[in-house]
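Given next are the chains, with one letter for each unit.
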Amino acid sequence: MYEGVVQDLIDELGRLPGIGPKSAQRIAFHLLATDPADIARLQEILGKVREGVRFCDICGNVSEEERCRICRDARRDPALICVVEEPKDVLAVERTREFRGRYHVLGGALDPLSGVGPDQLRIKELLARIGGEEVSEVIIATDPNTEGEATATYLVRMLRDFPGLTVTRLASGLPMGGDLEFADELTLGRALSGRRAL
Amino acid sequence: MAWGLRGSTAWDHGDVSLYRDTGVVLRVHKLGEADRIITLLTRRHGKVRAVAKGVRRTTSRFGARLEPFGHVDAQFYTGRTLDVITQVETVDAFALPIVGDYQRYTAASAITETADRLTAEEGEPALKLYLLVTGALRALAEGQRDASLVLDAFLLRAMAFAGWAPAITECARCGEPGPHPAFNVQAGGSLCGRCRVPGSVHPAPEVVVLLAALLHGDWTTAEDTTFAVRRDVSGLVAAHLQWHLERQLRSLPFVERRAREAPITGRLGSDGVSGDTEVAGAAQGTRGRDSSEGVAGTGQGA
Ligand SMILES: [Zn+2]
Ligand SMILES: [Zn+2]
């Protein structure tokens with residue numbers, strides 16, 4: 001235990017995902033030795049985050065405006081929607097440069113053990129979008145793990161009655177158990193182009 | 001850093017040991033960048049929490065085997081805080097068929113959460129519970145029985161394992177053989193006419209029959225029941241379980257309860273899923289005698 005504010009800082013950093021006590025300590029001492037101007041910039045950004053990051057009205061991705069850059073881009077195919085769990089998955093699919101459609105960010109996966117059911121995700125918004133827009137294909141790109149697969153199962157059930165809608169899932173090749181964010185561009189690109197109808 | 005004070009030290013290898021066991025994955029938590037903490041219910045070592053390194057990378061060899069509901073044969077080495085999983089082989093790939101059906105997935109989640117909660121102490125052998133969990137997950141994976149019935153049968157027997165099964169055929173207070181018309185969760189189950197207390201519910205006789213059938217594994221009787229009876233049983237089982245657990249189960253309200261026709265007696269259902277009719281939400285007072293009045297309020301979903 002360190003005295004006062006230093007320990008407070010270590011405790012706060014330690015609450016962040018993926019940061020254990022040792023990393024928290026390392027980051028804390030790094031910050032103590034950092035140039036005041038760098039700290040001020042970090043402070044300013046944290047302040048802005050607290051004032052409210054917005055989410056795109058259409059797809060739910062993080063956005064600076066009402067609609068995100070991708071949803072505003074007229075060159076992106078509105079008939080194609082790629083459904084992902086988190087904003088970081090949008091980045092992963094974008095890195096492949098294989099996808100020219102738009103996204104729908106669910107905000108997680110169906111996980112009863114964590115208290116996440118269909119109502120806690122942006123599933124109603126997805127159904128409304130498909131009902132209202134000219135959507136011809138929904139690509140389900142949830143994580144290839146238990147929660148992601150269960151979410152895909154549920155979505156397929158909800159989507160199968162939309163006339164003329166094709167529902168596809170990323171091709172295997174993404175092994176079960178992994179996180180989408182860890183897939184390299186090549187594997188993810190191949191999974192995307194080799195997607196199969198459900 | 002007074003290493004020498006604790007007797008055994010990291011460098012004398014006295015406290016580093018390997019062990020091997022079969023277990024079922026109850027839960028996984030992310031740890032650091034790409035690791036996971038896996039909670040397993042094992043055959044001989046009870047509940048074990050162990051680290052699986054690098055499993056979130058899509059190149060991991062055993063990531064897929066350590067997903068929830070996986071039944072595995074694993075090798076561990078004893079770490080200073082958490083044990084570490086060094087090898088895993090799949091015994092039963094329960095997860096695949098379970099995640100292919102949302103109702104089975106929610107039921108399986110409630111099963112693993114209950115097992116996790118009933119094993120407070122790590123390392124305390126719980127062979128009976130391990131057998132119950134693997135049996136229930138196997139039934140869900142095979143898909144021949146109604147997932148909701150499989151869950152309720154598991155919950156009743158898991159409560160018996162914990163020492164608080166509801167009294168069903170005898171009076172919870174005086175032991176008088178029944179069946180009895182009143183049921184009271186706080187009092188421990190069925191109550192005879194003399195022991196009855198205010199606030200008891202009065203389930204239909206079929207509900208009591210189904211409770212007994214599920215507790216004793218009489219599937220012929222259990223499957224020959226209507227959705228309304230099954231729904232009431234689920235309500236009583238959930239209320240009984242929640243009464244005994246300190247905290248509410250998170251997964252239970254998410255379990256999908258769907259109507260499914262009772263199969264023709266003597267023939268095992270040939271298809272677990274496709275014949276289902278979804279009436280969740282719209283199921284009020286459908287077939288048979290609707291005995292929901294007496295049970296309402298003991299509810300689910302709280
Ligand atoms: Zn958008
Ligand atoms: Zn009595």
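Everything numeric in this text was worked out from a predicted model, so none of it was measured. (Residues numbered from 1 in each chain as written. Chains lettered and ligands numbered in written order. Predicted model: local features only at pLDDT ≥ 70, side-chain atom pairs only at ≥ 80, totals over all residues.)

When helices and strands are counted, chain B shows eight helices and seven strands. The 302 residues of chain B split such that 46% are buried. For chain B, the proportion of contacts with a sequence separation of at least 24, taken over those separated by at least 6, is 58%. (Helix = DSSP H or I, 4+ residues; strand = E, 2+ residues; numbered from the N terminus. Buried ≥ 20, exposed ≤ 12 C-beta atoms within 10 Å, placed from the backbone. Contact = placed C-beta atoms within 7 Å.)

Per the secondary structure count, chain A includes eight helices and seven strands. Relative to its 198 residues, chain A shows a buried fraction of 33%. Considering only residue pairs separated by 6 or more positions, chain A has 56% of its internal contacts joining residues 24 or more positions apart.

Tallying the contact residues gives 28 residues for chain B and 22 residues for chain A. Elements that contribute at least two residues to the side of chain B that touches chain A include exactly α1 (95-99) and α2 (102-118) of chain B. Looking at the side of chain B that touches chain A, the element that brings in the most residues is α2(B), giving six residues. Grouping the amino acids of the side of chain B that touches chain A by side-chain chemistry returns 12 nonpolar, eight polar and eight charged. (Nonpolar A, V, L, I, M, F, W, Y, C, P; charged D, E, K, R; others polar.)

The next thing to look at is the sheet that holds strand β4 (residues 71-77) of chain B. All names here are of chain B. Strand order in the closed barrel formed by five strands is β1-β2-β3-β5-β4, and the pairing between neighbours is mixed. This sheet shows a mean twist of 50° between the axes of neighbouring strands, independent of strand direction. Both strand β2 (residues 35-42) and strand β3 (residues 46-52) contribute to a ladder of seven bridges, which runs antiparallel. Within β3, the position partnered with leucine 41 by the bridge is lysine 47. Across the sheet, helix α3 (residues 127-142) is in contact with β1 (18-31), β2, β4 and β5 (83-92); its angle to β2 comes to roughly 105°. (Pairing = 2+ DSSP bridges. Axes fitted to C-alpha atoms, helices over the stretch in contact; angles between N-to-C directions.)

Residue and element names in this part refer to chain A. Relative orientation of the contacting elements helix α1 (residues 4-14) and helix α2 (residues 21-32) amounts to 130°, with a least axis distance of 8 Å. With respect to each other, α1 and α2 are oriented oblique. Here α1 runs over α2; the crossing is right-handed. Residues Val6, Leu9, Ile10, Leu13 and Gly14 of α1 pack against Pro21, Ala24, Gln25, Ile27 and Ala28 of α2. Of the residues belonging to the contact of α1 with α2, the class tally is eight nonpolar, two polar and no charged. (Parallel < 35°, antiparallel > 145°, perpendicular 65-115°, else oblique. Left-handed = near helix turned anticlockwise from the far one by under 90°.)

All names here are of chain A. Read from one edge to the other, the open sheet built from five strands follows the order β4-β3-β5-β6-β7, with strand pairing classed as mixed. Whereas interior strands pair on both sides, the edge strands pair on one side only; in this sheet they are β4 (101-105) and β7 (196-197). Direction of pairing for strand β5 (residues 137-140) relative to strand β6 (residues 166-169): parallel, over a ladder of four bridges. The residue bridging isoleucine 140 from the neighbouring strand is arginine 169, located in β6.

Turning next to the domain arrangement of chain A. The assigned domain composition of chain A is domain 1 (4-52) and domain 2 (76-197). Spacing between the C-alpha centres of domain 1 of chain A and domain 2 of chain A amounts to 34 Å. (Domains from an automatic or database assignment.)

Glancing now at the packing of helix α5 (residues 87-96) of chain A against helix α8 (residues 185-193) of chain A. When two helices pack together, their arrangement is given by the angle between the helix axes and the distance between those axes. All names here are of chain A. The contact between α5 and α8 brings their axes to 8 Å, and the two run at 85°. Taken as axis vectors, α5 and α8 run roughly perpendicular relative to one another. For the pair α5 and α8, contact is made by Ala92, Val93, Arg95 and Thr96 and by Glu185, Leu188, Gly189 and Leu192, respectively.

A few words on the environment of Val55(B). Secondary-structure assignment places Val55(B) in the loop between β3 and β4. With 70 residues separating them in the primary sequence, Val55(B) and Pro125(B) have C-alpha atoms 27 Å apart.

To continue, consider the pairing of strand β3 (residues 77-84) of chain A. Residue and element names in this part refer to chain A. As paired strands, β3 and β4 are joined by five bridges and run parallel to one another. Across the sheet, valine 84 pairs through a bridge with valine 105, a residue of β4. Crossover connection from β3 via α5 to parallel β4: handedness right-handed. One ladder, built from four bridges, connects β3 with β5; its direction is parallel. In the strand pairing of β5, valine 83 is matched with isoleucine 140. (Right-handed = clockwise from strand over helix to strand, strands pointing away.)

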